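Examining the three-dimensional arrangement
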Amino acid sequence: MNNTLQRRKFLKLSAALSALGLIGGPGLIPQARSAEFTDYKCLVNVFLLGGNDSFNMLVPRSDAEYNIYAASRQNLAIAQEALLPISPLDSDGILYGFHPMATGLQGLFESGDLAVVSNVGPLLEPVSKDDYLNGNTLLPPQLFSHNDQRNQWQSLRGTTTLSTGWAGRIADSLADDLSGQMLPTNISTSGNSRFQSGESTSPYTVNNSGASSYGAFRRNAEYGPERQASFERQLANGFDNIHSRALADIHSRSLLYADLINDALRLVPELDTPFPDSRLGRRLRIVARLLAVKDEFEVNRQIYYITTGGFDTHNDQNQDQPDLLMDLGDCLLAFQTAMTEIGLSDQITTFTQSDFGRTLTSNGDGTDHGWGGHQLVSGGAVLGQRIFGTMPSLEIDGPDDVAGGRIIPTLSADQYAATLANWFGVDDSSLDQIAPNLPAFNLRNLGFMA
Amino acid sequence: MHFSRTTIVTISLLLLSSCGGGGGSSGSTTPAPSGETPTAPVISIAEAHRFLRQASFGPTPAEVDNVRNIGFEAWIDQQLLETPSLQLPYMDDLEEPENNREGQTNRLDAWFRNVLNGEDQLRQRVAFALSEIMVVSDQGNLFNFPNGLANYYDELTLHAFGNYQELLKAVTLTPAMGLYLSMLGNQKPDKAMNIRPDENYAREVMQLFSIGLVMLNENGSTILDQNNQPIPTYDQSIIEGFAHVFTGWTFYGSESFNQPSYIFRLPMAAFQDFHDEGEKRLLNEVVLPAGQTAEDDLDAALENIASHANVPAFIGRQLIQRLVSANPSAAYIGRVAAVFIDDGYGTRGNLSAVVKAILLDPEARAEPADANSGKLTEPLLRLTAVWRAFDASAANNRYLFAYPEFSFSQAPLRADSVFNFFRPDFAPPGEISKLGLVSPEMQITNETTSVTVNNYLALAIFLQHSAVAEKDEATIYIDIESELALVDQPQTLINQVADKLLGGNISEQLRSETASMMEHWDTQAGKVVEAIHMIATSPEFAVLR
């Protein structure tokens, strides 16, 4: 590791900004552990904005189950013979296949680098259909609403007013152990999110080629260094308004981290692994590049947040979904290949989340907002080629359908998050802080991580 | 989808004639009670400037003078009478765009032209606010239809001072909204095929455009039940009720329901055969009887939404947030909601009265109360403020700026989803969250965008000013001639720039930093643009107090 210069330069800048009162101290939340980490792990959250229709992503191929599926989905059903067959190691006796365009997912699954976590969604406690219909159970508020359910996935707040996200709370809880890191634990390629908001920690945002830097402050701009010094003095002087202060805080962080990131990226040529030229592909590519130079940042734990959109398929689903799932599969496969290329496969776990599953019934040419759905987890540390949880019945008005093909989740978003957090290094005793609804469920770890 | 030239002409004629006949409800607006203008109190430059940052796309010296001369209320009254500046007529006069990307750029050209130069500043500002509440976007299935989006924006512009329920109806029936939230082509159930009506518009029209998710008091605070939990405004069965209401509509002039005409300039029309004729359960225990026409169902359903108790505070608060402050007091919201409920003449939903109440409220007009007051100015509005203050224009008389969102994270009708660029309740981690306050525009402010906004401003100021030697026909240049004349008096120059951008409210520090930076330069233009850049990229300028 030859980054002492880099570190020295960073610490100098950091000390300068800190002396100016621009950079706060480490977290103040109760600590999850005391021992410092010596290894490296990273979580990469791929959030599928809009609500992925995952009941068309993974479909039963056995005749009996397929026929139920096809009867429910009618004009939105994928043809049985077109499904891409997979061979789970823990078969429940039913054959499954991925969407015909999701060749990347099939490849990752069959090579053991991808697991499916079946029918997971926001829950405050286990819910049966009877409980739901009788109003006999606690439910997450505003089921079926985009931003509320996205918020649940990201915050796990239940009915509380908790304003932090679970990645933010992980960063808070590990703050003392990670105080030597030169970058914030949470990094986003996709702007601000509830997911990464902490009480005492904030995420840092990059763009698709690294960090944005101020053109007017460049050394080759006339009086650039003087202008930067002037700007820093203004920031340091403070502001008498909360909005100005919030903006100034962001500017300070832009100044602090930009050179660190861009200098590091210049050290390493592009990876050999090609990425699809899509929004998700470009975002995963910069994450892969940053991971390739992670030693420059002296980090032990990182969480990346990446979004990709278009999943709110109310209309033209048959036309749009093939592209969405092809891109998702191709991108996850490229990312996993890149992680193998840089030798970090076992240390990096990529997982999906999405607003909700979608209705099994059709609105003519698309689907509406549902509840439970399947999620994907990939990486060398994942117990791949398996389907975790129980596949729900896909029958309209069946045991798992609360109305119109909205499927009650059998696993909770809290259990899913806790499993990932536990692998990441959060002690079992601290998991309730990360996933507040976890105590309502028997299984505290879904077992999909090695 | 491309319109032939003749189609465009025919359709614009249709549009013109329908507007002349009061097709836009703006013609029938009841003016807000105005009363006598009292002996005009002395309005300072700072006060007039702050008002115009709330009510326009940026103060100009002339408009500041105007406000100081006639007063706030008279200025608003004047604005209510200005002719609406529209996008489609301008776009129709342009050469036919080569492709849809170019068509979208023409649409933004029309937007910049109107918000920078339109006399109807307040109407434009309210229309922009509405476009961030009732969202459609060219990101998605509307990308190919710039004219449809322009028509949508024009409807917001025409109804900005109209009646809320009529606005809601206009919005509901635009083909742009119809496509964006999939009401267009939505049809009655087909049980055998497991097909039920599309719930997209039914859900979002309530959640985002009118009443929100939880029951509100008139002052915008949340009503809690005995368990201290909010009370949902609707449940799934009500969404399904509205989803059934919104069946049977497609483009006007379509030969049949499934052969769309793609006429974007006229409201959608109904095909009764595709409309569900059953009973529909709506809000407040209202049940629409079976057998009604699509039109009757629609009118009754929109009446049902618009008369819901939440609307005044839900819409009032968001309009305050777009124009004045991120965290209005409950009392302020309550006063605005009261005017929404009754404009003084017994009319509910008179938006001109609501806008007037927002801008004339003591909380909007008084000196900023404390550190929590005001709001972060939307990034794009920082650019328009600079461009208006320095009368920016291009030689070709256009504003060709294809991708404002790359720098500003926003562009008119270009949000990533119906949830807009930012949510009204967004709170960044840190001080604002801890105080239980919000700062919506902070949702698009991060370590990347804080830089890209300032970089674009640097470009627009340092490289695009009137003293640049070699000009480009399509580049937008700010006019710095009157500042160049002051270059020998640095403090006077700084004062003038500070007057234009900050209403004179410049901190001592920013003033002295600006003066020192100017000293580096030995060119006149260098000194001027340095001063403008220093102020325009400062956190002081980014926040409207």
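Treat the numbers as computed from the prediction; the structure is a model and nothing was measured.

Scoring rules and cut-offs
Residues numbered from 1 in each chain as written. Chains lettered and ligands numbered in written order. Predicted model: local features only at pLDDT ≥ 70, side-chain atom pairs only at ≥ 80, totals over all residues. Helix = DSSP H or I, 4+ residues; strand = E, 2+ residues; numbered from the N terminus. Rg over C-alpha atoms; globule rule 2.2 N^0.38 Å. Buried ≥ 20, exposed ≤ 12 C-beta atoms within 10 Å, placed from the backbone. Contact = placed C-beta atoms within 7 Å. Expected span 1.5 Å × (residues − 1). Arc of directions from axis to C-beta. Pairing = 2+ DSSP bridges. Nonpolar A, V, L, I, M, F, W, Y, C, P; charged D, E, K, R; others polar. Core = buried A, V, L, I, M, F, W, Y, C linked by C-beta atoms within 7 Å. Domains from an automatic or database assignment. Axes fitted to C-alpha atoms, helices over the stretch in contact; angles between N-to-C directions. Parallel < 35°, antiparallel > 145°, perpendicular 65-115°, else oblique. Left-handed = near helix turned anticlockwise from the far one by under 90°.

**Examining the overall build of chain B**
Along the backbone of chain B there are 26 helices and six strands. Taking 545 residues into account, the globule formula puts the C-alpha radius of gyration at 24 Å, and chain B, at 24 Å, falls close to it. For chain B, the C-alpha atoms occupy an extent of roughly 80 × 60 × 45 Å along the three principal directions. Across the 545 residues that make up chain B, the buried fraction comes to 55%. Considering only residue pairs separated by 6 or more positions, chain B has 69% of its internal contacts joining residues 24 or more positions apart.

**Examining the overall build of chain A**
A count of helices and strands for chain A gives 12 helices and 12 strands. Here the C-alpha radius of gyration of chain A, 23 Å, is about what a compact globule of 450 residues would show, namely 22 Å. Counting only C-alpha atoms and orienting by the principal axes, one finds that chain A spans roughly 70 × 45 × 40 Å. When burial is assessed residue by residue, chain A has 58% of its 450 residues classed as buried. Taking the intrachain contacts of chain A between residues at least 6 apart in sequence as the baseline, contacts between residues at least 24 apart amount to 75%.

**A closer look at the environment of glycine 389 of chain A**
Residue and element names in this part refer to chain A. Mapped onto the elements of the fold, glycine 389 is located in the loop between β11 (386-388) and β12 (411-412). Its 22 C-beta neighbours within 10 Å are what place glycine 389 among the buried residues. C-alpha separation for the pair glycine 389 and threonine 410, spaced 21 residues apart in sequence, amounts to 7.5 Å. Here glycine 389 is in contact with Val117, Ser118, Asn119, Val120, Thr410 and Leu411, once residues within four sequence places are set aside.

**Some remarks on helix α7 (residues 224-237) of chain A**
The end-to-end C-alpha separation of α7 of chain A is 20 Å, in line with the 20 Å expected for 14 residues at 1.5 Å each. For α7 of chain A, every residue scored as buried is listed here: Arg227, Ser230, Phe231, Gln234 and Leu235 of chain A. Angular distribution of buried residues about the axis of α7 of chain A spans 140°; they occupy a single face of the element. On its buried face, α7 of chain A sits against α8 (242-267) of chain A together with α24 (508-519) of chain B. Looking at the residues trailing α7 of chain A, positive phi occurs at glycine 238 of chain A, about 85°.

**Describing the sheet that holds strand β4 (residues 96-98) of chain A**
Strand pairs in the sheet, formed through backbone hydrogen bonds, run parallel or antiparallel to each other. All names here are of chain A. The three strands lie next to each other as β2-β4-β3, forming an open sheet whose pairing is antiparallel. Edge positions in the sheet fall to β2 (58-60) and β3 (84-85), since each has one partner strand and no second. Two elements, β3 and β4, share two bridges in a ladder whose sense is antiparallel. Following the sheet pairing, proline 85 is matched in β4 by glycine 97.

**Focus on the interface of chain B and chain A**
How large an interface is tends to be reported as the accessible area lost when its parts come together. Listed per partner, the contact involves 60 residues of chain B and 60 residues of chain A. Elements supplying a minimum of two residues to the side of chain B that touches chain A: α11 (200-207), β5 (375-376), α20 (431-434), α21 (449-463), α24 and α26 (539-542) of chain B. Here the element with the most residues in the side of chain B that touches chain A is α21 of chain B; it accounts for six residues. Tallied by class, the residues present in the side of chain B that touches chain A amount to 23 nonpolar, 26 polar and 11 charged.

**Quick notes on the nonpolar core**
In terms of nonpolar packing, the biggest core is built from 170 residues, with Ala176, Val336, Val354, Ile358, Val386 and Ile535 of chain B touching the most fellow members. Three or more residues apiece are contributed to this core by two domains, here domain 1 (5-365) and domain 2 (377-414 + 446-544) of chain B. Those residues within four positions of valine 386 of chain B in sequence are excluded, and the remaining contacts are Leu457, Ala460, Ile478 and Ala536 of chain B. Membership of the second largest hydrophobic core comes to 101 residues, among which are Met57, Phe98, Ala115 and Leu324 of chain A.

**Remarks on the pairing of strand β5 (residues 114-121) of chain A**
All names here are of chain A. With eight of eight residues buried, β5 is to be regarded as a mostly interior element. Bridge analysis of β5 against strand β10 (residues 373-378) gives five bridges, and the strand direction is antiparallel. Within β10, the position partnered with valine 120 by the bridge is glycine 373. As defined by bridge partners, β5 adjoins β11 across three bridges and the pair is classed as parallel. From the neighbouring strand, valine 117 faces β11, where its bridge partner is phenylalanine 388. Here β5 runs beside β12; their pairing, made up of two bridges, is parallel. Within β12, the position partnered with glycine 121 by the bridge is serine 412.

**What about the environment of alanine 421 of chain A?**
Residues and elements named next belong to chain A. For alanine 421, the position within the fold is in helix α11 (residues 413-424). Its 28 C-beta neighbours within 10 Å are what place alanine 421 among the buried residues. Expressed as a C-alpha distance, the spacing of alanine 421 and methionine 339, which sit 82 residues apart in the sequence, is 20 Å. Every residue in contact with alanine 421, bar those within four places of it in the chain, is listed here: Ile170, Val426, Leu431, Ile434 and Ala435.

**Here's the deal with the packing of helix α18 (residues 379-389) of chain B against α21 of chain B**
In a pair of packed helices, the angle between the axes and the distance between the axes together describe the arrangement. Residues and elements named next belong to chain B. Put simply, α18 and α21 touch, their axes get as near as 10 Å, and they point 15° apart. By the angle between their directions, the pair α18 and α21 is classed as roughly parallel. The handedness of the crossing between α18 and α21 comes out as right-handed. For the pair α18 and α21, contact is made by Pro379, Arg382, Leu383 and Val386 and by Val453, Tyr456, Leu457 and Ala460, respectively.

**Some thoughts on the domain arrangement of chain B**
All names here are of chain B. Splitting chain B by domain gives domain 1 (5-365) and domain 2 (377-414 + 446-544). Each partner contributes to the interface: domain 1 provides 28 residues, whereas domain 2 provides 22 residues. Only α2 (45-55), α6 (100-117), α7 (121-131) and α8 (146-159) provide two or more residues apiece to the side of domain 1 that touches domain 2. Broken down by element, the residue count for the side of domain 1 that touches domain 2 peaks at eight residues, all from α6. Taken together, the residues of the side of domain 1 that touches domain 2 break down into 15 nonpolar, eight polar and five charged.

**Description of the pairing of β10 of chain A**
Residue and element names in this part refer to chain A. With six of six residues buried, β10 is to be regarded as a mostly interior element. Note that strand β9 (residues 348-354) and β10 share two bridges and pair antiparallel. Bridging from a neighbouring strand, phenylalanine 351 pairs with valine 377 of β10.

**Side note on α24 of chain B**
Taking 1.5 Å per residue, 12 residues should reach 16 Å; α24 of chain B reaches 17 Å between its end C-alpha atoms and fits that length. For α24 of chain B, the complete set of buried residues consists of Leu510, Glu513, Thr514 and Met517 of chain B. Along α24 of chain B, the residues classed as buried sweep out an arc of 100° about the axis, all on the same side. Against the buried residues of α24 of chain B lie α7 of chain A together with α23 (490-502), α25 (524-536) and α26 of chain B.

**Overview of unusual backbone geometry**
One non-glycine residue with positive phi stands out, namely asparagine 119 of chain A, at about 45°. Following the sequence through the fold, asparagine 119 of chain A ends up in strand β5. Given 24 C-beta atoms within 10 Å, asparagine 119 of chain A falls into the buried group. Located in the positive-phi region is asparagine 228 of chain B, a residue other than glycine, with phi close to 65°. Locating asparagine 228 of chain B in the fold gives a position in the loop between α11 and α12 (236-245). C-beta crowding within 10 Å serves as the criterion here: with 7 such atoms nearby, asparagine 228 of chain B is assigned to the exposed category.

**A closer look at the packing of helix α9 (residues 279-292) of chain A against helix α10 (residues 317-341) of chain A**
Residue and element names in this part refer to chain A. With their axes 10 Å apart at the nearest point, α9 and α10 run at an angle of 10° to one another. Compared by their axis directions, α9 and α10 come out roughly parallel. As α9 runs across α10, the sense of the crossing is right-handed. Contact residues: Leu280, Gly281, Leu284 and Ala288 in α9; Asp327, Cys331, Ala334, Phe335 and Ala338 in α10. Of the residues assigned to the contact of α9 with α10, the class counts are seven nonpolar, one polar and one charged.

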